[in-house]
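Residue-level structural notes
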Amino acid sequence: KLKGKSDAAYPTTLLDVPLQEKRLLRILGRPASAIALTGANRATLSSGPRLLLCPDEESAEILHQALVNIPRAFGGESRMVLRFPAWEQPLYSPITPSIRIRLARIAALTAIHAPEPCTIVTTLQAALETSLPPAILQQHTLLLEEGTRMENREQLIGRLKDMGYLQVDPVE
């Protein structure tokens, strides 16, 4: 640990995030649809985020799709269901991770701290991979919504530059 640095400045894993309740429910040897139905039912019983761990990426994707589609099939109210995928290559590889995976991971990390309840579907490998600490993510998040007003243009540009964006000429 570096002198003068708080714990909030260090990478964490998804399993370090404080969930409302840490009860373990194991569902083994059932089809993905039965697991999704049980997971969806259990998720509606809690007001906080739920974390569903799958053995591999393929089963996580199948469970995610089932969780998204089950409430639609029964006409029920659905809760936000997000995937938290594992990195495709080692974190410090010279190859940049795909934008799809980066966006999915950021969306899941953001949703955990949102007021609306959510369900995160992931694998143990993905949950154990280091990620941004919540304080750092929140500090460098800028929410832009249609129809809302922002501070003046220069402040917005300065804030984006502080977050690592570059100002370049438009492409014609």
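Coordinates for the structure precede this section.
Just so it is clear, the structure is predicted and the values come from calculations on it, not from any experiment. (Residues numbered from 1 in each chain as written. Predicted model: local features only at pLDDT ≥ 70, side-chain atom pairs only at ≥ 80, totals over all residues. Heavy atoms only, no water.)

**Description of the overall build of the chain**
We apply this condition: Only DSSP runs of H or I with at least four residues qualify as helices, and only runs of E with at least two residues qualify as strands; both kinds are numbered from the N terminus onward. Whether a residue is buried, partly exposed or exposed follows from its accessible area with a 1.4 Å probe, protein chains only, as a fraction of its type maximum: under 20%, in between, or over 50%, in that order. Should any heavy atoms of two residues lie within 4.5 Å, those residues are considered in contact. Where accessible areas are quoted, they stem from the Shrake-Rupley method and a 1.4 Å probe; at the residue level, only the protein chains shown are allowed to cover.
Regarding its fold elements, the chain presents 6 helices and 3 strands. In the chain, the succession of helices and strands from N to C terminus is α-β-α-β-α-β-α-α-α. When each of the 172 residues of the chain is scored for burial, the buried share is 28%. Long-range contacts, defined as pairs at least 24 residues apart, comprise 68% of the intrachain contacts of the chain with a sequence gap of at least 6. When the accessible surface of the chain is split by element, carbon and sulfur atoms take 57% of a total near 12300 Å².

**Topic: the sheet that holds strand β3 (residues 118-123)**
As a reminder, the rule being used: By the convention used here, strands pair only if DSSP detects at least 2 bridges between them. The axes are straight lines fitted to the C-alpha atoms, using for helices just the contacting stretch, and the angles between their N-to-C directions are given from 0 to 180°.
The parallel open sheet is built from 3 strands, whose spatial order is β1-β3-β2. The sheet terminates laterally at β1 (50-54) and β2 (80-84), the two strands that pair on one side only. Ignoring strand direction, the axes of neighbouring strands in this sheet form an average angle of 20°. Here β2 runs beside β3; their pairing, made up of 5 bridges, is parallel. Within the sheet, the bridge partner assigned to V81 lies in β3 and is T119. Helix α3 (residues 99-112) rests against β2 and β3 of the sheet, and its axis sits at about 130° to β2.

**Structural notes on the nonpolar core**
As a reminder of what qualifies: As used in this record, nonpolar core signifies buried Ala, Val, Leu, Ile, Met, Phe, Trp, Tyr and Cys residues forming a set joined through side-chain atoms within 4.5 Å.
One finds L82, F84, A86, A108, L109, A111, I112, C118, I120, A126 and L137 forming the largest nonpolar core, which totals 11 residues. At the level of secondary structure, the elements contributing two or more residues to this core comprise β2, α3 and β3. Tallying contributions element by element places α3 first for this core, with 4 residues. Ignoring sequence-local partners within four residues, the contact set of L82 consists of H64, A107, A108, A111, T119, I120 and V121. Formed by 6 residues, the second largest nonpolar core is a distinct cluster that contains C54, A60, L67 and V121.

**Brief notes about α3**
What counts here: The span expected for a helix works out to 1.5 Å for each residue beyond the first.
Compared with an ideal rise of 1.5 Å per residue, which puts 14 residues at 20 Å, α3 spans 20 Å between its outermost C-alpha atoms and is within 8% of the ideal. Those residues of α3 that are buried are in contact with β2, β3, α4 (124-128) and α5 (134-139).

**Considerations on the pattern of salt bridges**
Put simply, the rule is: A carboxyl oxygen of Asp or Glu within 4 Å of a side-chain nitrogen of Lys or Arg is what we treat as a salt bridge.
Applying the stated criterion across every chain yields a total of 4 salt bridges. One salt bridge connects E61 with R83, and the closest N-O pair in it is separated by 3.1 Å. Of this pair, E61 sits in helix α2 (residues 57-74) while R83 sits in strand β2, placing them 22 residues apart in sequence. Judged by its relative accessible area of 33%, E61 falls in the partly exposed class.

**Focus on the side chain of H64**
What counts, and what does not: Polar contact criterion, stated in full: a pair of N or O atoms within 3.5 Å, where within protein one must be able to donate a hydrogen and the other to accept it, and residues adjacent in sequence count only if both atoms are side-chain atoms.
One can find H64 in helix α2. Under the relative-accessibility criterion, H64 is labelled buried at 12%. A polar side-chain atom of H64 sits 3.4 Å from the main-chain carbonyl oxygen of V81.

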